[in-house]
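Residues per chain, in single letters:
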Amino acid sequence: MQELIYHSTRDTSLTATASEAILRGIAPDGGLYVPSRIPALKKSFDELSMMSYPEVAYEVLRLFLTDFTDDEVRTAVNSAYNSDNFDREDITCLMKANGTYYLELFHGRTIAFKDMALSILPHLMSISAKKNNLKEKIVILTATSGDTGKAALEGFANVPGTGIVVFYPKDGVSSFQERQMVTQEGDNTHVIGIHGNFDDAQREVKKIFTDDAFAAKMKEAGYVFSSANSINIGRLIPQIAYYVYAYTRLMEDEITFVVPTGNFGNILAAYYACRMGVPVSKLICASNDNKVLFDFFETGVYDRNRDFILTSSPSMDILISSNLERLIFELAGDETGELMKSLASTGRYEVKNFKAGDTDTNPANLFRGEFATGEEMAEEIRHVYKDCGYVLDPHTAVASASYRKYLADTRDLTPTVIASTASPYKFSASVLKAIEGDAFKPGTDKELIERLNKLSGVEIPAAVERALNGTVRHNTVCDPDKMKDEIAKIFLG
Ligand SMILES: *Cc1c(COP(=O)(O)O)cnc(C)c1O
């Protein structure tokens, strides 16, 4: 069979091994690395269903990391998925509430699903650096809508041979998310707020990645850039594992996944799991009021020309979903580069024959867009809590409310798993507001967390204590067009 390699979505002649793709983060032409084919699972579902999470992750990762030895994959997996990094022995679990399964992906060090990938990415990167005889230090540049930043900081803090700079929208994250980031320890960590939103941060970071002159200066000083955002294929591959894992805990004929979506990384991992052989009925892409993806799945037109809305599910406040480019490549092939150019210049593109090609082989058919407003999200938190005492975070609630709309519309009773992407403790104010309604009284992060603890009975995770008691170590804020200068200040003096 043809060897699995990686190539850019915009030019298939720009190839890379798995380790090179992980080190670079993004292809030299600004495209994203995609695997040349999606490997089929080698182990049967019966075998996989007997395995622990790290064992399933190993079986998935080794098929994609084709220039890693089995020992290297095993070492990375075991260094990431253990009880130092996760507060559950089983790493992730399915909770049944209201007839639906919630896949709790928030038991890592920063209590958001980003830990599932960012606990392993630093290990994959160190192995890749060795494999490629990299002499330079790796500088991780990360734009965050709230959760990636902290998870990347925790993952890379004090990892030898690396430094990390995180940019977050100063007024676009929850106060607890900000506190988690600005209290980050580690001599190699840098956290910078920007006067702008996530799209501004992501756009500037991508620009810096493809700035050859700046890269040359950094290289002279002994540094190369890489990315911990889901544009890095090393972020995406580990996420495939939990969809395989979830399926093998249920072993139904078919299963639907509902994913609260922002940058389209998490749901793309579900799509790759499906292509590996997991019997997926539908992939429901849930958006909040920034419903650019819902509109895209309805019409085939991607149009970011609209107001950016700050919602209570900030990690989904995104108008340019980077990873959609990887799906577009499957739909539009060689035209992808042109479409992305159009997105950069006009903020819009159209995938031709998006609906017309309605055949079983059209990957777009697997997907269904749904969305939930802030009101619908809050109502979902309230009634799931009332019905069964289970507390959802706002992102998971957007997915859960979207699924409810889908059910009302289709009466499709396929067993369904909702990706539960954050602990409610990360968004205590929004969650309490939803449950208490008019009776809600504001308070400090600490007070709100204690109130939520009383109400939910769920133990307060260690990550919460760490953030509440940490000292503020980072306080730089800049405009988006000064991000490059800030990086230069840190590394070029
Ligand atoms: C990042 C994030 C999302 C969105 O995931 P994407 O992979 O960017 O689509 C949803 N919920 C939470 C809590 C997140 O942190």
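The shown structure was predicted, so the numbers you read here are calculated from the model rather than taken from an experiment.

Draft legend 1. Representation of the sheet that holds strand E9 (residues 223–227). On the basis of which strands lie adjacent, the open sheet formed by 5 strands has the order E9-E6-E7-E8-E16 and parallel pairing. In this open sheet, the two edge strands, each paired with only one partner strand, are E9 and strand E16 (476–478). Sheet twist, expressed as the average angle between the axes of neighbouring strands with direction ignored, equals 25 degrees. Where strand E6 (residues 137–143) lies against strand E7 (residues 162–169), 6 bridges are found, and the strand directions are parallel. Opposite Ile140, over in E7, you have Ile164 as the bridge partner. Helix-sheet contacts for helix H9 (residues 198–209) involve E6, E7, strand E8 (189–194) and E9, and the interaxial angle to E6 is about 150 degrees.

Draft legend 2. Region of the structure containing the pattern of salt bridges. Applying the stated criterion to the full structure yields 28 salt bridges. A salt bridge links Asp200 to Arg203, with the nearest nitrogen and oxygen atoms 3.2 Å apart. Here Arg203 and Asp200 lie together in helix H9, a separation of 3 residues that amounts to about one turn. With relative accessibility at 41%, the residue Arg203 sits in the partly exposed group. Look at the salt bridges and you will find they share partners, linking Asp200, Arg203, Glu204 and Lys207 into a network.

Draft legend 3. Representation of the site of the ligand in the model. Around the ligand sit 15 residues, and of these Lys114, Asp147, Gly262, Asn263 and Asn266 come closest. Phe264 places a polar main-chain atom, nitrogen or oxygen, 3.0 Å from an oxygen atom of the ligand. In this structure, Asn266 approaches the ligand through a main-chain N or O atom, which is 2.8 Å from an oxygen atom. Bound to the protein, the ligand loses 98% of the 380 Å² it would expose on its own. Taken together, the residues that form the shell around the ligand break down as 5 nonpolar, 8 polar and 2 charged.

Draft legend 4. Structural detail: the state of the cysteines. Evaluation of the coordinates by the stated rule reveals 0 disulfides. For Cys388, which is in no disulfide, the shortest distance to another cysteine sulfur is to Cys93 and amounts to 15 Å.

Draft legend 5. Representation of the packing of aromatic side chains within the structure. With the rule as written, the count across this model stands at 21 aromatic pairs. Aromatic pair Tyr81 and Phe86: ring centres 5.9 Å apart, planes at 45 degrees, arrangement tilted. Of the two residues, Tyr81 and Phe86, neither departs from the other in class, the shared state being buried. Seen in terms of ring centroids, Tyr271 and Phe367 are 5.6 Å apart; in terms of plane orientation they differ by 40 degrees. Their pairing is tilted. Taken as a pair, Tyr271 in helix H12 (residues 265–276) and Phe367 in strand E14 (residues 367–371) lie far apart in primary sequence, 96 residues in all. Neither residue differs from the other here; Tyr271 and Phe367 are each classed as buried. By way of ring pairs, the aromatic residues Phe264, Tyr271, Tyr272, Phe296, Phe297, Tyr302, Tyr349 and Phe367 are connected into one cluster. Here the basic side chain of Lys131 rests over the ring of Phe68, its NZ or CZ set 5.4 Å away from the ring centre. Positioned above the aromatic ring of Phe371, the side-chain terminus of Lys291 is 5.2 Å from the ring centre.

Draft legend 6. Representation of the side chain of Asp200 in the model. Its relative accessible area of 19% is what places Asp200 among the buried residues. One polar contact links Asp200 to Arg203, side chain to side chain, over a distance of 3.2 Å. Filtering out sequence-adjacent residues up to four positions away, Asp200 remains in contact with Ile194 and Pro480.

Draft legend 7. Structural detail: the sheet that holds strand E15 (residues 416–420). Across the sheet, which stays open at both edges, the 6 strands sit in the order E4-E5-E15-E10-E11-E14 with mixed pairing between neighbours. Sheet topology places strand E4 (93–97) and E14 at the edges, where each strand pairs with a single neighbour. Averaged over all adjacent pairs, the angle separating strand axes in this sheet is 25 degrees, with direction ignored. Relative to strand E5 (residues 100–104), E4 is paired through 5 bridges, and the arrangement is antiparallel. If you follow Leu94 over to E5, its bridge partner there is Leu103.

Draft legend 8. Structural context of the pairing of E15. Extensive coverage of E15 is indicated by the burial of 5 of its 5 residues. Where burial is concerned, the two faces of E15 agree: the one with Thr416, Ile418 and Ser420 and the one with Val417 and Ala419 are both buried. Judged from the 3 bridges that link them, strand E10 (residues 255–260) and E15 form a sheet pairing that is parallel. Within E15, the residue paired with Phe257 across the bridge is Val417.

Cut-off values and rules
- Residues numbered from 1 in each chain as written.
- Predicted model: local features only at pLDDT ≥ 70, side-chain atom pairs only at ≥ 80, totals over all residues.
- Heavy atoms only, no water.
- Pairing = 2+ DSSP bridges.
- Helix = DSSP H or I, 4+ residues; strand = E, 2+ residues; numbered from the N terminus.
- Axes fitted to C-alpha atoms, helices over the stretch in contact; angles between N-to-C directions.
- Contact = heavy atoms within 4.5 Å.
- Salt bridge = Lys/Arg side-chain N within 4 Å of Asp/Glu carboxyl O.
- Buried < 20%, exposed > 50% of the residue type's maximum accessible area, 1.4 Å probe, protein only.
- Near = heavy atom within 4 Å.
- Polar contact = N/O pair within 3.5 Å; in protein donor to acceptor, adjacent residues only side chain to side chain.
- Areas by Shrake-Rupley, 256 points an atom, 1.4 Å probe, with all protein chains shown as cover.
- Nonpolar A, V, L, I, M, F, W, Y, C, P; charged D, E, K, R; others polar.
- Disulfide = S-S within 2.5 Å.
- Phe/Tyr/Trp six-rings, centres within 6.5 Å; stacked < 30°, edge-to-face > 60°.
- Lys NZ or Arg CZ within 6 Å of the ring centre and 35° of its normal.

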